[in-house]
Every structure is written in structure tokens, then in C-alpha cells.
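Descriptive structure summary
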Amino acid sequence: DAKTTQPNSMESNEEEPVHLPCNHSTISGTDYIHWYRQLPSQGPEYVIHGLTSNVNNRMASLAIAEDRKSSTLILHRATLRDAAVYYCILRADSSYKLIFGSGTRLLVRP
Amino acid sequence: SQTIHQWPATLVQPVGSPLSLECTVEGTSNPNLYWYRQAAGRGLQLLFYSVGIGQISSEVPQNLSASRPQDRQFILSSKKLLLSDSGFYLCAWIYGPMNTEAFFGQGTRLTVV
């Protein structure tokens, strides 16, 4: 599975937008970009995923670079409940594996 | 609707004792099932995954084994626990195409003493 690189931690103020970056320079054409987040003492939860086009859902937006070598998870208005570790994962369409990296720990200041 | 059950929530076991953690999924059939471990302050490590009854793929050779005796049941076992087996164990399932979302259980926090 191709590797992703994320900053170890980021901070944001409550009610401000947050842009969480992810680099995946070795992404292949069949790799989907997935984002999960893990709140303290809980299992990860799905946030969003995409292949080439930008994606929006009720939780977040995913902006994918034109060359697909990087992507950004956008939380439009951070809340204290958004404080979590965010994982960017690449999954090949033919792969059964779901491999987590070290993720980005997001701290939200009141 | 689909749900995933994982138990127990917490467990304290002595070194050398056996382990059995169970995960069951309801409301779906033929799910892909996964076991992860998260050591304190660390990321999630994929331990095993299964795409069907009796089919187990091991990602990390270690003191653990997994079995899938029924379609929606996934069991993580150890014959003799080590201190290093302590951690947060999570079960997950995915149904259908690989690019649908994964659902995680609430986890079992295992402390080996």
C-alpha cells in the first residue's frame, strides 16, 4: 500500500476552518483517499473518501490535488468535539487491507 | 441496520494466561473483518483480516491468532499473554466494495499484569 505523510499535530480555534494536509506522492491510479478520525478512547470513524474529484459530506470536505499527490481534509467550522486524531489512508480498489499511519492530532482551542 | 459488538470492554489478565476476544456483526452477511491493536499513545496496527469463513490473513507474526468460525464472528486469541500484548483492541468490518467505509467496534482495553 502506498504511504501517506501527515503533520504530527495541528491546532485550531473553535468555529474557525481547519485544513488538514496529507501527502501521498506514490499514489497509484486505483488508490482511493480515505479519511478517518479517532476520538479519545474510541474506535476510528469514517469521515470521507474520494478518488479524483473533490468531495463534500455533512462532516467535512475533501480537496484532492490535480496530480493526486496530496489532499486536504477541510473542517469548515471546528468544534471542541472535532478534537481527535485524523488519519489519511490510501486504499487500492483491489486491496482488502486498511492500513493506518500515525495521523494528525488536532487540538481545538475554545 | 448493521451493528458491531465487541466484548469485553476492559480486561485485566495475568502474564501467561490465555485470551479470547470476540467480535460479532449483525445486519449484514459476508463482511470483511479486521482486528487491530493500539498500544498506549501509538497508532493502529492491523493484526488480522478475514474475507470469509475460515480465511485468515496475518499481518504481523506474534503471540496472537485469529479465527472466523462463522460468517459474522471473528475471534482473537492467545495461548499465553505477554506484557507487550497490552493495548486497545479494535474489531472492524467492511461490506462490499473495498472503497466503502469501515465500521469499528468500541474496543477492548486489555491490560496484562
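This write-up is about the structure you can find in this document. Note that the structure is a prediction, hence the values are computed from the model and not measured. Sequence positions are assigned chain by chain, starting from 1 and proceeding in written order. Labels follow written order: the first chain is A, the first ligand is 1, and so on. Per-residue local features are limited, in this predicted model, to residues with pLDDT of at least 70; the limit for side-chain atom pairs, both in listing and counting, is 80 or more; totals at the level of whole chains, interfaces and linings are taken over all residues. Processing note: side-chain calculations cover all non-hydrogen atoms of the structure and skip hydrogens and water entirely.

Attention shifts here to the overall build of chain A. On a plain count of helices and strands, chain A comes out with zero helices and nine strands. For chain A, the succession of helices and strands along the chain, N to C, is β-β-β-β-β-β-β-β-β. On C-alpha atoms alone, chain A measures out to a radius of gyration of 13 Å, which is about the 13 Å that the 2.2 N^0.38 rule sets for 110 residues. Reported as C-alpha extents along the three principal axes, the dimensions of chain A are approximately 40 × 30 × 25 Å. Classification of the 110 residues of chain A by burial places 44% in the buried group. Each helix is a run of DSSP H or I of at least 4 residues and each strand a run of E of at least 2, with the numbering of both proceeding from the N terminus. A radius of gyration in this sense is built from C-alpha atoms; the matching globule rule multiplies 2.2 Å by the number of residues raised to 0.38. Per-residue accessibility, obtained with a 1.4 Å probe over protein chains only, is compared with the maximum for each type, and a residue is labelled buried under 20%, exposed over 50%, and partly exposed between these values.

It is possible for side chains of opposite charge to pair when their charged atoms get near one another. Every case where a carboxyl oxygen of Asp or Glu lies within 4 Å of a side-chain nitrogen of Lys or Arg is listed as a salt bridge. Following the criterion strictly, the structure yields seven salt bridges over all chains and no others. Residue arginine 37 of chain A is joined to aspartate 82 of chain A by a salt bridge in which the shortest nitrogen-to-oxygen separation is 2.8 Å. Of the two residues, arginine 37 of chain A sits in strand 3 (residues 31-38) while aspartate 82 of chain A sits in the loop between strand 7 (70-75) and strand 8 (84-92), which places them 45 residues apart along the sequence. In this structure, arginine 37 of chain A and aspartate 82 of chain A share a single accessibility class: buried. In this structure, the salt-bridge partner of glutamate 59 of chain B is lysine 97 of chain A, at a minimum N-O distance of 3.5 Å. Of this pair, glutamate 59 of chain B sits in the loop between strand 6 (55-58) and strand 7 (65-70) while lysine 97 of chain A sits in the loop between strand 8 and strand 9 (104-109), each in a different chain. Taken together, the shared-partner salt bridges connect Arg37, Glu45 and Asp82 of chain A into one network.

This part takes up the sheet that holds strand 5 (residues 55-56) of chain A. All names here are of chain A. Two strands pair under a simple rule: DSSP has to find at least two bridges between them. Read across the open sheet, the four strands follow the order 2-7-6-5; overall the sheet is antiparallel. Each having just a single partner strand, strand 2 (18-23) and strand 5 make up the two edges of the open sheet. As paired strands, strand 6 (residues 61-64) and strand 7 are joined by four bridges and run antiparallel to one another. Bridge pairing in strand 7 links alanine 63 to threonine 72.

Bringing the environment of serine 57 of chain B into the picture now. All names here are of chain B. Relative to the assigned elements, serine 57 resides in strand 6. Accessibility expressed as a relative area gives 28% for serine 57, which makes it partly exposed. Setting aside residues no more than four positions away along its own chain, serine 57 makes contact with Leu47, Phe48 and Tyr49. Should any heavy atoms of two residues lie within 4.5 Å, those residues are considered in contact.

Our next topic: the pairing of strand 6 of chain B. Residue and element names in this part refer to chain B. Looking at chain direction, strand 5 (residues 44-52) and strand 6 are connected through three bridges and run antiparallel. Its bridge partner being in strand 6, tyrosine 49 is matched across the sheet by serine 57. With antiparallel pairing between neighbouring strands as the criterion, strand 5 and strand 6 make up a hairpin whose turn holds two residues, including glycine 54 at a positive phi of roughly 75°.

A word on the state of the cysteines. Residue and element names in this part refer to chain A. A pair of cysteine sulfur atoms is labelled a disulfide when the two atoms are within 2.5 Å. By the definition in use, this model includes two disulfides over all chains. Each sulfur of the disulfide joining cysteine 22 and cysteine 88 lies 2.1 Å from the other. Across the S-S bond of cysteine 22 and cysteine 88 the torsion is about -85°, and the bridge reads as left-handed. Of this pair, cysteine 22 sits in strand 2 while cysteine 88 sits in strand 8; the two residues are 66 residues apart in sequence, bridging distant segments of the chain. Judged by relative accessible area, which is 1%, cysteine 22 ranks as buried.

Another aspect to go through is the sheet that holds strand 1 (residues 3-7) of chain B. Residue and element names in this part refer to chain B. Reading across from one edge, 1-3-8-7 is the order of the four strands in this open sheet, with antiparallel pairing throughout. A strand with exactly one partner marks an edge of an open sheet, and here the two such strands are strand 1 and strand 7. For this sheet, the mean inter-axis angle between neighbouring strands, taken without regard to orientation, is 20°. Inspection of the sheet shows strand 7 paired to strand 8 (residues 73-78) by four bridges, in the antiparallel sense. Of the residues in strand 8, the one forming a bridge with glutamine 70 is glutamine 73. Angular values range over 0 to 180 degrees, each being the angle between N-to-C directions of two axes fitted as lines to C-alpha atoms, with helices fitted over their stretch in contact.

The interface of chain A with chain B comprises 20 residues on the first partner and 21 residues on the second. Taking both sides of the interface into account, the surface hidden between chain A and chain B amounts to around 1,800 Å²; carbon and sulfur atoms contribute 55%. At the junction of chain A with chain B, the criterion picks out one salt bridge. Side-chain atoms alone can form a polar contact between residues adjacent in sequence; in general such a contact is a pair of N or O atoms within 3.5 Å, and within protein one must be able to donate a hydrogen while the other accepts it. Put simply, chain A and chain B have five residue pairs in polar contact (both at pLDDT 80 or more) between them. Elements with a contribution of two residues or more to the side of chain A that touches chain B: strand 3, strand 4 (45-50) and strand 8 of chain A. For any pair of parts, buried area is found by adding up, for both, the accessible area (1.4 Å probe) each one loses once the two are put together.

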